[in-house]
Structure formats: C-alpha cells, structure tokens
Amino acid sequence: MIGIAAAWIVILLFGGGFALDRVLNDAVTRNFDNQLEYVLTAMIASAEIGPDGEVFLNRPLGDQRFLEPNSGLYWQISGKGHDDFPSRSLWDRTLFSNIAHDDRETHIYDSNQFPDEPLRVLERTIILPDSDTKWLFQVAQSRDGLDGQIANIRSILVNSFLILALGLIGMAALQTLYGLWPLRKIRSAIAAMRTGQQRRVVEPMPIEVTPMVDELNALLDHNEKQAEEARRHAGNLAHALKTPLTVIMNSATAKADDLADTVIREAGVMRRQVDHHLARARAVGRRGHAHSRAKVWQSLQAVERAVGRLYPHVRIDIDGDKDAVASVERQDLDEMIGNLVENAAKYGGGSVFITVESGDEFVELLIEDDGRGIPEAERQRIFDRGVRLDSGKPGTGLGLAIVRDVAEIYEGSVSLEESEDLGGLLVRLRLPKSEIVEA
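**Q** Could you give an account of the nonpolar core, naming the residues involved and the relevant values?
**A** One broad trend across soluble globular proteins is that nonpolar side chains are buried collectively. In this structure, Val-296 and Leu-429 are the most contacted members of the largest nonpolar core, which totals 40 residues. Listed by contribution, the elements that provide at least two residues to this core are α5 (296-310), β9 (315-320), α6 (330-347), β11 (351-358), β12 (362-369), α7 (399-409), β13 (413-418) and β14 (425-432). For this core, the leading source of residues is α6, giving seven residues. Beyond its immediate chain neighbours, meaning those up to four positions away, Leu-429 contacts Met-336, Leu-340, Val-363, Glu-364, Leu-365, Val-403, Ala-407, Ser-413 and Val-414. Core analysis: the second largest hydrophobic core is formed by 24 residues, Val-39, Ile-44, Ala-47 and Leu-57 among them.

What follows is the structure, encoded as structure tokens:
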C-alpha cells in the first residue's frame, strides 16, 4: 500500500511539476519579450529619415545600457543599401540582419551569433515616411538574466515538490501503518487465544475491522460448538457401547453356552450405535459448508424408488413444490427422508402421501400414512434412541433419533402429528431453505 501510494504521488507530482514549470517558464519568457517589444516600439516611434536619406532617432532611448559597451542590451537598424545604425553597446559588433526577410509582425527568436553571449532577439520590418527602404529594426538582450530566472524558478519547484513528495509519502506511510495497526492487535489476540490466555477477541476495534472480528469470533464459536458436539458424541458412543461390551465380557467370563449368539446380538447393537453416531458426525462436519444444498424433489424420487423395491405393496404419492431446495447435504437429506418414508411404509396400511411445501425461510415435508398412528403421549418418547412401539417388525429404534439429530444439526426440526386425510401418522420435517438461486 505504501509503495503504490508513493508511486502515484511521484507520478502526479512529476506531471504537475512539469506542467507548472512550463507555465511559469512561459510567463517569465513572455514578460521578458514584452519588455523588449516595448523598446522596439519606442525605437520605431522615434525613428526618422534625415536629409541624407539615413535613419536616425530623434530622441535617445531611456535605458542607459544602450550606451555601455557589451552591456547585454542592444539595438540596430538596417536597410538595404545603407549602413547599419547600431547602438553604442554593440561597440565593434553587429547583429546579424536578414534584410531580405520581411517581418511585418514582430519576429522573436533565440540567437547564438555571439559565441559567449546567447541572445534573445526581436525584429520587425518598417517603411518609414519619406523613404522607400524597408528598415529592419532589431532589439536584442542577453539570455543570461532570463535563463537565471528560469533556473531559479525550476530549482524552487524541484525542491518544493521534493519536500512535498516526501511529506505525502510519509503521511501515506503513517496513515497505512495507523490504519492497519488494529490487525496487529488482532494478531496478538489470536496468539493469546492460541496460548490459552483468552478465548475470544474482546478488545474494542475500529469499525473497519469490527465485521472481521465478529466473523472470527463466530468461527471460533462454531468450531468450539463442533468440538463440544464431537466430545458429546464420543461420550454417548462410549456409553452406548459400554453395556453391550459388558454383556459380552460377562458371558465370556462365565463361559456361557450361548456366547456366540450373545456376541452376534450385542455386536449388532454396537454396529447400529456406531452407524447412528457416524451419521451425526457426518452431518456436523458438513453443516458449516456455505453451499450445502439439495433439491428435495430429486431426493424424494430416489427414496421412492428404493422404498418401492423394499415394499412393493405400498403406494407412495408425492405432491407439492417441485423446485424446493433445502440448505442441507444431499446425503443427509436422503437419509432423513429415507428413514421417515421407510417407517411410513413399514408401519402404515399401504398408502403413503408426501407433500412438499416451500416457505420464505424453510422447506417442509409432510409424510402421511394410513396406519394406526402414534398416541400423543408417546410422540416425544419415540425420538429416544432404541425406543420402538411396535416390536413385532424388524428395526433398530434409531431411525427417528437419527432424523431428529440430523435435522437439528441443520437448524431444522421434526415433529409428529395426526394425519387428517389418511388417519395415520403425519411427520412434519422442517429444513432451512437454500438462499442460492439457480443459474
């Protein structure tokens, strides 16, 4: 940032200084020329033709330098067929005059006809009264004074702009360091968090970096929540595996006759518990992904085909919003819908009706069956792991628990109600709606 600011300052000051140098040089040169043109006009006004046909000045010019030899200020009048009429300051020198050149307007140019003295020359061709000769009036002055003024102005400009550039670059550097100084505080706060001295960035920050600090604290909260959930899941899994392992150890210690059956049965329980907690862990790991999204209708169709092969006698109908998109991973959505639809097909009376409703913030799936339903007093308990109201059909008692846990991880919900149309159970799965618009 400092380098870019310095480069722009140098470029802009260089351009501005060059333009200002041109303007001031032109102004000084124009003023110099105006003074010489005033002298040229005075010469023309005082010039007359004498009885001998030669030109003379009826009054002397006011500047005494015209009388001092080699003073640096000169004039000369030249005409074809006539001797040059020079000022005394020229002494033994003469100005170069191109009499053939007809300058009806003032002609200004620089001349090096005197090797040791560069000149600024103004000349004009005039025909005086009582004369047919074209007289060339010339005024010349040494450029030393003009060049000295230009050099002095240029020196002042260079020094001033150099000081200005250094000041602006220094100010830009201070502004950049001051503006980015809060990042050093954030770095120190992160280092303090890494060493365990503090848990969040709590120091007041300028408004420009406050959003970044808020996002950093939110990320820390999110990671801490995930870590806490991971520890809780690990504890729950350990607790869930503890009982089957105890049963196996006791049977093995007692050398029970049904040890093989016990191992198979308890291993199945442990496998179901591991699958349940792995599903939760996958959902927790994917929850923070900003682009998690799944098309509900496609997931329903996939689940319908899978459940239809398992329960060919069950009729499954789908209706509602075909464009609904939920802010969840497709794999998790398939698992939730699959558990709910399979339960409806397994425990229902042969008919399952699924409705998709899309709101402003949530997508709702209503899964109804024509079974016996669940008493209202049991609807909350059924979500507990391992709870089964109908033990006559195969199952693990983990399906609804998985659906509830995964839905809550995505900040959704699942609830049980009574179906008014089919008379059985209505499961209302509510999931956040994706804010990403289809391209």
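Still to come is the rest of the account.
**Q** For a nonpolar patch on the surface, give the residues involved together with the corresponding values.
**A** Residues Met-1, Leu-180, Leu-183 and Met-212 make up a contiguous nonpolar surface patch of roughly 390 Å² in combined accessible area. Counting through the fold element by element, Leu-183 comes out in helix α2 (residues 144-194).

**Q** Account for the pairing of strand β6 (residues 117-127), with residues named and values stated.
**A** Where burial is concerned, most of β6 is hidden: eight out of the eleven residues are buried. By the bridge criterion, six bridges tie strand β5 (residues 107-114) to β6 in an arrangement that is antiparallel. Among the inter-strand pairings, Ser-111 is bridged to a residue of β6, identified as Leu-119. The antiparallel hairpin formed by β5 and β6 contains two residues in its connecting segment. Where β6 meets strand β7 (residues 134-142), nine bridges bridge the pair, whose relative direction is antiparallel.

**Q** Summarise the pattern of salt bridges; cite the residues concerned and give the values.
**A** Side chains that differ in sign of charge can pair as their charged atoms come close. Here the structure, examined in full by the defined rule, presents 20 salt bridges. Between Asp-317 and Arg-315 there is a salt bridge; the shortest N-O distance is 3.1 Å. You can call Arg-315 exposed: its relative accessible area is 57%. For Arg-404, the salt bridge identified is with Asp-405, shortest N-O distance 3.3 Å. Each member of the pair, Arg-404 as well as Asp-405, carries the same accessibility label: buried. The network of salt bridges with shared partners includes Asp-33, Asp-110, Arg-120, Arg-143 and Asp-147.

**Q** Could you give an account of unusual backbone geometry, naming the residues involved and the relevant values?
**A** Notably, Asn-70 is not glycine yet its phi reads approximately 55 degrees, a positive angle. Along the polypeptide, Asn-70 turns up in the loop between β2 (55-57) and β3 (73-79). A positive phi is found at Glu-411, a non-glycine position, where the angle reads about 65 degrees. Position of Glu-411 among the secondary structure elements: in the loop between α7 and β13.

**Q** Pulling in residues and values, what's your account of the packing of α5 against α6?
**A** In contact at an axis separation of 9 Å, α5 and α6 are set at 45 degrees when each is read in the N-to-C sense. When the interaxial angle is binned, α5 and α6 end up oblique. α5 and α6 meet at a crossing whose hand is right-handed. Two secondary-structure elements touch here, α5 through Val-296, Gln-298, Ser-299, Leu-300, Ala-302, Val-303 and Val-307 and α6 through Arg-330, Leu-333, Asp-334, Ile-337, Gly-338, Val-341, Glu-342 and Ala-345. Tallied by class, residues from the contact of α5 with α6 come to nine nonpolar, three polar and three charged.

The rules behind these values
- Residues numbered from 1 in each chain as written.
- Predicted model: local features only at pLDDT ≥ 70, side-chain atom pairs only at ≥ 80, totals over all residues.
- Heavy atoms only, no water.
- Core = buried A, V, L, I, M, F, W, Y, C linked by side-chain atoms within 4.5 Å.
- Buried < 20%, exposed > 50% of the residue type's maximum accessible area, 1.4 Å probe, protein only.
- Helix = DSSP H or I, 4+ residues; strand = E, 2+ residues; numbered from the N terminus.
- Contact = heavy atoms within 4.5 Å.
- Patch = residues over 30% accessible without salt bridge, like charges linked within 9 Å, V, L, I, M, F, W, Y side chains within 5 Å.
- Areas by Shrake-Rupley, 256 points an atom, 1.4 Å probe, with all protein chains shown as cover.
- Salt bridge = Lys/Arg side-chain N within 4 Å of Asp/Glu carboxyl O.
- Pairing = 2+ DSSP bridges.
- Axes fitted to C-alpha atoms, helices over the stretch in contact; angles between N-to-C directions.
- Parallel < 35°, antiparallel > 145°, perpendicular 65-115°, else oblique.
- Left-handed = near helix turned anticlockwise from the far one by under 90°.
- Nonpolar A, V, L, I, M, F, W, Y, C, P; charged D, E, K, R; others polar.

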